[in-house]
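# A closer look at the structure
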Amino acid sequence: MANGQWYPPEWPDRIRALASGELTPATPRRAATVMLLRDDGGPAVHMLRRRASMAFAGGAYAYPGGGVDPRDDDRLVRWAGPTRAEWAARLGVDEASAQAIVCAAVRETYEEAGVLLAGPTADSVVGDVTGDDWDADRVALVDRDLSFAEFLDRRGLVLRSDLLGAWGRWITPEFEPRRYDTWFFVAALPDGQRTLRTSLEADRTVWIRPAEAAARYDAGELMMMPPTIAMLRRLAAYDSAAEALAAAPSCDMTPVLAEARLEDGQVVLTWPGHDEFTKRIGIKGAVRSTPDGVVAGDGWDGGPAA
């Protein structure tokens, strides 16, 4: 394969169904993901490899993240940093949704990486969060037996929204059955904390330089979905975690949504502003999966090979 670009094998049929009006798009669910950064002679980003057994994007590399818990916006949480109104303006949503998205970013980072962006005061961050009692709370959050607001109250902590920088927003294509409206954030690994492999959906975690990860994607060694590699390419421009965070306010938060159209007997799949992901899908072409799960075959014509 020419690179590690991942596409599900069922996409051609679903794209054709959407183009013909046979498919009604699902409503996307709000989600958040966080690119954790640390400096090690230059910035490195924390990535998870999804288990090969996963039905969607098995074997692909991603960042800690997930969907909004409905309770993330049903009550005010203990909060520090930019106001909810400021976050609403930055994220392009209402204040309740802004709280939910930021909460999801912090909560999912704790659930999937064991890193907690919160502290006992508005200008401090909790230190070591390992141990049986912390793990019990984390499991309760994962199982939804405990809301994030309840967790913060129990621990006497405030969410440090100022430790996050909004980096981008991507929406799952309309032809996907499970869709997410995902906000991407950057954050530096807090002093005294370390990442843990806590996600049940991941079989490997790595700290890797963005430029190295992108080069290995280009060589077909690491598999990623378009938003993941797009974020990496932007991160590679910065020499430290602090520089990346400082650049966050200037990042364009216009949602990126894939578009599919019929053209010359093919379905053309594009992501506005990201020409490298363009795909041409033959109407009558066959699609097959290679042993490593990457889609290939006569059904995918032109554009970057999968």
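Residues numbered from 1 in each chain as written. Predicted model: local features only at pLDDT ≥ 70, side-chain atom pairs only at ≥ 80, totals over all residues. Heavy atoms only, no water.

## Re the overall build of the protein
- The helix and strand inventory of the protein stands at eight helices and 17 strands.
- A total of 306 residues make up the protein; the buried ones form 53% of that total.
- Across the protein, the fraction of contacts at a sequence separation of at least 24, relative to all contacts at a separation of at least 6, is 69%.
- Carbon and sulfur atoms provide 49% of the accessible area of the protein, an area that totals close to 13000 Å². (Helix = DSSP H or I, 4+ residues; strand = E, 2+ residues; numbered from the N terminus. Buried < 20%, exposed > 50% of the residue type's maximum accessible area, 1.4 Å probe, protein only. Contact = heavy atoms within 4.5 Å. Areas by Shrake-Rupley, 256 points an atom, 1.4 Å probe, with all protein chains shown as cover.)

## A closer look at the packing of helix H6 (residues 210-218) against helix H7 (residues 226-235)
- Contact pair H6 / H7: the axes reach a minimum separation of 8 Å and the direction vectors enclose 135°. Taken together, the axis directions place H6 and H7 in an arrangement best described as oblique. Considering how the two elements wind past one another, H6 and H7 form a crossing that is left-handed. The residues of H7 that touch H6, namely those facing Pro210, Ala213, Ala214, Tyr217 and Asp218, are Ile229, Leu232, Arg233 and Leu235.
- Across the contact of H6 with H7, the residue classes break down as seven nonpolar, no polar and two charged. (Axes fitted to C-alpha atoms, helices over the stretch in contact; angles between N-to-C directions. Parallel < 35°, antiparallel > 145°, perpendicular 65-115°, else oblique. Left-handed = near helix turned anticlockwise from the far one by under 90°. Nonpolar A, V, L, I, M, F, W, Y, C, P; charged D, E, K, R; others polar.)

## A closer look at helix H3 (residues 95-113)
- Helix length check: H3 (19 residues) gives 27 Å between terminal C-alpha atoms against 27 Å at 1.5 Å per residue, within 8%.
- H3 sits mainly inside the fold: 17 of its 19 residues count as buried.
- Taking the backbone nitrogen of Ala96 as reference, a side-chain oxygen 3.2 Å away marks Asp94 as the first, capping residue of H3.
- Backbone geometry just downstream of H3 places Gly114 in the positive-phi region, at approximately 70°. (Expected span 1.5 Å × (residues − 1). Polar contact = N/O pair within 3.5 Å; in protein donor to acceptor, adjacent residues only side chain to side chain.)

## Quick notes on the pattern of salt bridges
- Per the counting criterion, the structure on display carries 18 salt bridges.
- The residue Asp72 makes a salt bridge to Arg107 at a minimum N-O spacing of 2.9 Å. Placement of Asp72 in the loop between strand S4 (65-67) and strand S5 (79-80) and of Arg107 in helix H3 is noted, with a sequence separation of 35 residues between them. Each member of the pair, Asp72 as well as Arg107, carries the same accessibility label: buried.
- Where Asp162 meets Arg160, a salt bridge forms, and the shortest distance between an N and an O atom there is 2.7 Å. (Salt bridge = Lys/Arg side-chain N within 4 Å of Asp/Glu carboxyl O.)

## So, the sheet that holds strand S7 (residues 158-160)
- If you trace the three strands from one edge of the open sheet to the other, you get S5-S7-S6, paired in mixed fashion. Pairing within the sheet leaves two strands with one partner each, and these edge strands are S5 and strand S6 (118-119).
- The sheet contact formed by S6 and S7 spans two bridges and is antiparallel. What sits directly across from Gly119, in S7, is Val158. (Pairing = 2+ DSSP bridges.)

## A closer look at the packing of helix H2 (residues 84-91) against H3
- Direction vectors running N to C along H2 and H3 enclose 85°, while the axes themselves pass 8 Å from each other. When the interaxial angle is binned, H2 and H3 end up roughly perpendicular. Taking contact as the criterion, the partners of Arg84, Ala85, Trp87, Ala88 and Leu91 in H2 are, on H3, Glu95, Ala98, Gln99, Ile101 and Val102.
- Its residues assigned to classes, the contact of H2 with H3 shows seven nonpolar, one polar and two charged.

Any functional reading would require information beyond the geometric quantities listed.
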